[in-house]
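Breakdown of the fold
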Amino acid sequence: MIDLDFEVAPGEAVLVLGPSGSGKSTLTLCLDGLIPHLVEGEYEGEVWVAGLAVKETPVPVLAQRVGLVFQDPDSQFCTLTVEDEIAFGLENLCVESNRIDEAIDQALEAVRLPGYRRRRLSELSGGEKQRVALASVLAMGPSLLVLDEPSANLDPKATADLFGLLRALREERKHTIIIIEHKLDEVIEWIDSVLILDEKGRLLFLGDPAEAFYDNHELLEQSGVWRPQTAELVTGLRQIGWRVPGRPLALSDTVSALAATPGLLERLGERLRPRVGTDGWPGRLEARNASVGRPLLEVRELSFQYATGRLALQRVSFSVISGRFVALAGANGAGKTTLASLVSGVLSPEPGRVFLHGRDVRGLSPREIGALVGHVFQNPEHQFVTDTVRGELAYSLLPRARRRPEAHLDEKQRWLVDSWLERLGLLGLAEANPFSLSHGQKRRLSVAAMLIRGQGLLLLDEPTLGQDERQVARLMALMQDFQAGGGTVLMITHDMRLVAEYADWLLVLREGRLVYEGEPEGFLARPGEVDKAGLRAPALSEVSAALLERLEPGRPVSASLPWLTVPSFLSGLGPVETALVAPGGQGSATGGV
Amino acid sequence: MLPGGALDPFLSSAEDALPAPGRGHYLERRNPVIKLLAVVLVALAVTFLFDPVTPAVIFLLTLAVGRWGGGLSLRALLRPLAIFLLAGFAILVANLLFNKDNAVSPALVSIGPFKVTVAALWAAGSLWFRLLCFASLSLVFVRTTPPQDLILSLVHQLRLSYKAAYGTMVGYRMLPLLQNDYITIRAAQRVRGVGEKGGVWHIWSRTRRYALPLLTGAVRRAGRVAVAMDARAFGAFPARTYRRRMVVRKGDLLFVAATVVVVAAVLLASWRLGIARFTVT
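Residues numbered from 1 in each chain as written. Chains lettered and ligands numbered in written order. Predicted model: local features only at pLDDT ≥ 70, side-chain atom pairs only at ≥ 80, totals over all residues. Heavy atoms only, no water.

1. Description of the state of the cysteines
Two cysteines whose sulfur atoms are joined by a covalent bond form what is called a disulfide. Applying the stated criterion across every chain, the model contains 0 disulfides over all chains. Looking at Cys78(A), it has no disulfide partner, and the nearest cysteine sulfur is the one in Cys94(A), 15 Å off. (Disulfide = S-S within 2.5 Å.)

Structure follows, in structure tokens:
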């Protein structure tokens, strides 16, 4: 991090954005004095928090001004129970024991977890853990809360709950909040300003979010930061001629702005009316017909119970057609990872439940399953088995080589490995240790190490976890290439924006049961179901639903707009000129951009 | 993360059986360090018993105290001990084959050259019951002592530095996470074709492959916890307060005294009956 200079007013909520490695986490440590007091390094300049110069103020004093909440709930606790954890900070400050008890109750009250005092931390859900982490810093009475990707390990429901809580805390207790977060659409509703860092940790922007996302095209390019979906939609609409007023970011503002756009609601009505009652947008129907093939994977009445007694799956049946991009969604603990593990042979299903190419997986050896299915785990490091980047790819081709598989490759295989290295942008790092790569590079390498074997089906377990927007885009490009080459993808995720953009088939698990199988549109059109599954529809589908409501109040929600991504919305609506050329919009149903 | 079976029966069950502090069964209410003292005393006494009967009696007493004093079900007490059945069998076989007194001791059964001698049974039984004593004592202790209470008690009664104490607690928290990581890493690498074959070379290379991600993860996690603790003013002052204080009550001292009396009584009775042997014959 270099040369940073900014001010945050009391009571403000600031969103910090920037690519991985831009020093966002370093910034958090500077704010509460761990840098420079406990972490060594080169430090220049001054940080002032609540009127205190950080360099001159001891850590315990700062700890009462600044509260830090981190990404991983499991690695910020040091005790075993909720009450001990909240007491921990106060005990360090030598607060008397009778006052601590009171503070624990107040802190739990503040995070809406009354009655959790005696609970064990290990039995809490991820969302509850993050709230306890928040309570344990709130108990110390900070005015500034600094949160470093607090929702990274949470599912959409828990994320929404956490953000709702932060919002309420800010209103009730006037906390200043600095939050690092990738989930733009979720935080944009309640932040006051954004701070954008570039790759080198320099300050690119601090100020009004609307200015950042509407007036600073170059800035966004430079920092690799994406826009909230609402800003993306409005910008896109303007490019095709719609005069959308204002610079809306929040959902409700966006809906009002679109409703106030001359001619937009009318066009929406025209474009939609002929399709009411049919399912989906014609463009999608074509895609669907093209992709019909033989079932590559078939699951019949699959149930699974762990040795611990937990029933993870209950009578799940579905099939995956070859060539599809299937998303497997659901809240944390819904059974997604278990299902993937049963398909790839990590766990063993009962006979007659899981079929690959029509063959029961129970009749296949691990090697045979491995030749048909690639399984990319959540943490790329867990799957590295050699000492070099090149070795990782070579190992996939020659898993039986004892040492240095890259030394035993033949001409063709060597060429294949090199072409993959080039594609991943890792040619220069071919001899590096995989553990030394950046997070995004590790992720792409682990995916490539599966793809290079040429299996027809690729399972990915939350591959976008902890990745910034640019890395997600590069990863998804790899997946799309794989699909274009005839591959089939089954991706576990709870990011419904990703699902809407990339998946052509969706499976939804809720508490171990399959509650939806079909096109993503069909599921996202039922907000009640989305909610019940612990998921959250992308911002765009909420905008669409609200617009429809304005257009035809009282219309059944199940007939919501099929346009769930910005490109499909734009091409669905069409440029404003066609409306001028051909009033009524007839004959231009396929006109798009 | 794959929820898998527990590798260590004590570890996961201790978590499951964590009682609310200050409440619960008689043993759960005892001061942890004092309880530990009682366990050590009993274990020491058992160490010097070389007959099978006396340790067997103490083993049964330990189970009884765990059952009625600790509120542990027989199932919870006996299941983790099942592994020691196997150990007992191994000890027996070793003694039948190699006990030096086999030649002079009367044989109970003999199958050809193979004799089951009294000396062998006696020695094996003694070793096995002592083993069971140690196992059941630790089991009852672990199952009736919330780890956070033990840590606090070490600080309050034994003056352990609080930094060391919390370091231990964090380590304890990490164990189940590490275990989960291990299970996940093993699965993740098997998917890539890392086999489960035996042989020195395979075991060595597999260990190496598991170790790196496991250690990287653990170090990273430890670093994060350290930062999170520092951010909450851990170690800022030489002393700190405690919401709960572990104290030694009269009941705790009575418990140790009663334990000593009972064990002494058992030893005395056994000696009077001519069963107890305090030296190797």
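2. Quick look at the interface of chain A and chain B
Chain A puts 68 residues into the contact, and the matching count from chain B is 52 residues. Across the chain A/chain B interface, buried area totals approximately 5400 Å², and carbon plus sulfur atoms make up 58% of it. At the junction of chain A and chain B, the tally comes to 11 salt bridges. A salt bridge links Arg220(B) to Glu381(A); its shortest N-O distance comes to 2.7 Å. On inspection of chain A and its partner chain B, the count reaches 24 residue pairs in polar contact (both at pLDDT 80 or more). (Contact = heavy atoms within 4.5 Å. Buried area = accessible area lost by both parts, 1.4 Å probe. Salt bridge = Lys/Arg side-chain N within 4 Å of Asp/Glu carboxyl O. Polar contact = N/O pair within 3.5 Å; in protein donor to acceptor, adjacent residues only side chain to side chain.)

3. Examining the sheet that holds strand β4 (residues 66–69) of chain A
One key point about sheets: their strands pair by backbone hydrogen bonds, in either a parallel or an antiparallel sense. All names here are of chain A. The strand order across the open sheet formed by 6 strands is β4-β5-β6-β1-β7-β8, and the pairing between neighbours is mixed. In this open sheet, the two strands that pair with only one neighbour each are β4 and β8 (203–207). Here the average twist between neighbouring strands, direction ignored, is 15 degrees. Bridge count for strand β1 (residues 13–17) against strand β6 (residues 176–180) is 4 bridges, and the pairing is parallel. Across the sheet, Leu15 pairs through a bridge with Ile179, a residue of β6. (Pairing = 2+ DSSP bridges. Helix = DSSP H or I, 4+ residues; strand = E, 2+ residues; numbered from the N terminus. Axes fitted to C-alpha atoms, helices over the stretch in contact; angles between N-to-C directions.)

4. Quick look at the domain arrangement of chain A
Per the domain assignment, the segments making up chain A are domain 1 (13–225), domain 2 (230–278 + 540–581), domain 3 (285–387 + 433–518) and domain 4 (388–432). Centre-to-centre separation of domain 2 of chain A and domain 3 of chain A, based on C-alpha positions: 33 Å. (Domains from an automatic or database assignment.)

5. Overview of the packing of aromatic side chains
In this structure the tally under the stated criterion is 12 aromatic pairs over all chains. An angle of 70 degrees between the planes, with centres 5.9 Å apart, marks the rings of Tyr26(B) and Phe255(B) as edge-to-face. Placement of Tyr26(B) in the loop between α1 (9–16) and α2 (32–47) and of Phe255(B) in helix α10 (residues 250–272) is noted, with a sequence separation of 229 residues between them. Where Phe59(B) meets Phe129(B), the ring centres are 6.5 Å apart and the plane angle is 50 degrees; that geometry is what we call tilted. Highlighted residues: Phe59(B) in helix α3 (residues 53–69) and Phe129(B) in helix α6 (residues 118–144), separated in sequence by 70 residues. Judged by its relative accessible area of 22%, Phe129(B) falls in the partly exposed class. One aromatic cluster is present, built from ring pairs that chain together Phe88(A), Tyr162(B), Tyr166(B) and Phe234(B). The aromatic ring of Trp505(A) is capped on one face by Arg324(A), whose charged end is 4.0 Å from the ring centroid. We note Arg30(B) situated over the ring of Tyr26(B); from NZ or CZ to the ring centre the distance is 4.4 Å. (Phe/Tyr/Trp six-rings, centres within 6.5 Å; stacked < 30°, edge-to-face > 60°. Buried < 20%, exposed > 50% of the residue type's maximum accessible area, 1.4 Å probe, protein only. Lys NZ or Arg CZ within 6 Å of the ring centre and 35° of its normal.)

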